[in-house]
Amino acid sequence: MKPMNHVLLGAGGLRASAQGLGCMGMSHGYGAPDDAESVRVLLRALELGVTFWDTADIYGRGSNERLLSRVLAERRSEITLASKFGLLPGDAKTNTFAVRGDAAYVASACDASLDRLGVETIDLYYMHRVDLTVPIEETVGAMSLLVKAGKVRYLGLSEVTASELRRAHATHPIAAVQSEWSLWSRDVEESVVPACRELQVGFVPYAPLGRGFLTGQLPAPDALEAADIRRAQPRLQPDVIEHNRKLLAEVAAVATSIGVTAAQVALAWVHTRAAVWDIGVVPIPGTKRLDYLEQNVEALGVTLPPAALRRLDELAPQALGARHPQMALTSAGGRA
């Protein structure tokens, strides 16, 4: 494989491998964890140059950060580390999550993540969700104090609107926005991505493989483990899944025509968005399997012909179902 290229996220100099690794599924949401295998994936990622790693304090209720600490202990200097705060576990039965963005919590959450990760500094620290009871300027102002203290190098936002991004960026420079962006989830291109281009903010697409669906390898939802959150994905429900599989057939047809996998087509498409929008784009496909990790990295060498791009660009408007289950977000701070 060719050496990994790097991408600048934002105007402040944050350098990340051109493709990152979403670590959530190693500890949260996608079935039973296998920490030993996940560590092997993390070490292989370093060999392949995939050094931009994404986690969050809510993944496995802190266990994902502790998992990464096993590798960070010896290899910290090789890794660009991103974590998130602000989304707290709530009631699983009602899909309710608490959000907290007050200044006191920002400081305590960062300290807790640093302790679990076993590091002194987090390279990119995201607000996971906006606490609508706290002005975003207050939250980002508190995050900026972490930068001054040397606990964080750069700031990021996850799942924000263009307006929220502008207000946050005016408080302290934002290096990257993270949100879902894929062949069948392109709503961020309406206003958020243009705002990123305007402000010179990078973009980190999560779920670039449609939570595994766009690979063509995802089992039927009822065949997934009981704890797998994808069983509740709106686009995988019985009333829409057959329609959405027709879209997957289009991806598979493109893959066959150029001799690659459907997953590699989906990732290659996301990588093309950097040139289209003239911003730094670093997708973070998640996996806990070595073979999928290696296939994902090979997508960096895939060139999609213009005709294939036109064919793929037509898919997103045809997808049925919301891109994720409706979450009820409540404030966990003192302002609710």
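Please refer to the structure higher up on the page.
Since this is a predicted model, take the numbers as computed values, not measurements.

Asks: Just to check I follow, could you spell out the overall build of the protein for this structure?
Replies: Of the regular secondary structure elements, the protein holds 10 helices and 12 strands. Since a compact globule built from 336 residues should have a radius of gyration of about 20 Å, the 19 Å found for the protein is in line with a globular shape. Oriented by its inertia axes, the alpha-carbon framework of the protein measures out at about 55 × 45 × 45 Å. The burial tally for the protein puts 55% of its 336 residues in the buried class. A separation of at least 24 residues holds for 76% of the contacts in the protein among residues at least 6 apart in sequence. On the protein, roughly 14100 Å² of surface is accessible, and the fraction owed to carbon and sulfur atoms is 52%. Charged side chains of the protein number 34 positive and 37 negative; the gap between the two group centres comes to 1 Å.

Asks: Teacher, can you tell me more about helix 1 (residues 35-48) here?
Replies: Taking 1.5 Å per residue, 14 residues should reach 20 Å; helix 1 reaches 20 Å between its end C-alpha atoms and fits that length. All of the buried residues in helix 1 are Glu-37, Ser-38, Val-39, Val-41, Leu-42, Ala-45, Leu-46 and Leu-48. Structurally, helix 1 contributes buried residues whose contacts are with strand 3 (21-22), strand 4 (52-54), helix 2 (63-75) and helix 9 (290-298). Where helix 1 ends, the next residue or the one after it, Gly-49, has phi of about 90 degrees, a positive value.

Asks: I'm lost on the pattern of salt bridges in this one. Help?
Replies: Opposite charge on two side chains makes pairing possible when the charged atoms of those side chains draw close. Applying the stated criterion across every chain yields a total of 23 salt bridges. The salt bridge partner of Glu-189 is Arg-186, with a shortest N-O separation of 2.9 Å. Note on Glu-189: relative accessible area 12%, which makes it buried. Taken together, the shared-partner salt bridges connect Glu-159, Glu-180, Asp-187, Arg-211 and Arg-323 into one network.

Asks: Can you help me understand the environment of Asp-131 in this one?
Replies: Within the secondary structure, Asp-131 sits in the loop between strand 8 (122-127) and helix 4 (136-148). Here the alpha-carbon distance between Asp-131 and Ser-191, two residues 60 residues apart in the chain, equals 20 Å. Only 3.1 Å separates the side chain of Asp-131 from the backbone nitrogen of Gly-101, close enough to count as a polar contact. Within the local environment of Asp-131, its side chain forms a polar contact with the side chain of Thr-133, the two groups lying 2.7 Å apart.

Asks: What should I look at first to understand the nonpolar core in this one?
Replies: Grouped burial of nonpolar side chains is what soluble globular proteins tend to show. Counting 104 residues, the largest nonpolar core has Phe-52, Trp-53 and Leu-165 as the members making the most contacts within it. Those residues in contact with Trp-53, other than ones at most four positions away along the chain, are Leu-21, Cys-23, Leu-42, Ala-45, Leu-46, Leu-68, Val-71, Ile-79, Thr-80, Leu-81 and Ala-82. Residues Ala-56, Ile-58, Phe-97 and Val-99 belong to the second largest nonpolar core, which totals 7 residues.

How each quantity is defined
Residues numbered from 1 in each chain as written. Predicted model: local features only at pLDDT ≥ 70, side-chain atom pairs only at ≥ 80, totals over all residues. Heavy atoms only, no water. Helix = DSSP H or I, 4+ residues; strand = E, 2+ residues; numbered from the N terminus. Rg over C-alpha atoms; globule rule 2.2 N^0.38 Å. Buried < 20%, exposed > 50% of the residue type's maximum accessible area, 1.4 Å probe, protein only. Contact = heavy atoms within 4.5 Å. Areas by Shrake-Rupley, 256 points an atom, 1.4 Å probe, with all protein chains shown as cover. Lys, Arg positive; Asp, Glu negative; His and termini not counted. Charge placed at Lys NZ, Arg CZ, Asp CG, Glu CD. Expected span 1.5 Å × (residues − 1). Salt bridge = Lys/Arg side-chain N within 4 Å of Asp/Glu carboxyl O. Polar contact = N/O pair within 3.5 Å; in protein donor to acceptor, adjacent residues only side chain to side chain. Core = buried A, V, L, I, M, F, W, Y, C linked by side-chain atoms within 4.5 Å.

Taken by themselves, the reported measurements are silent on function.
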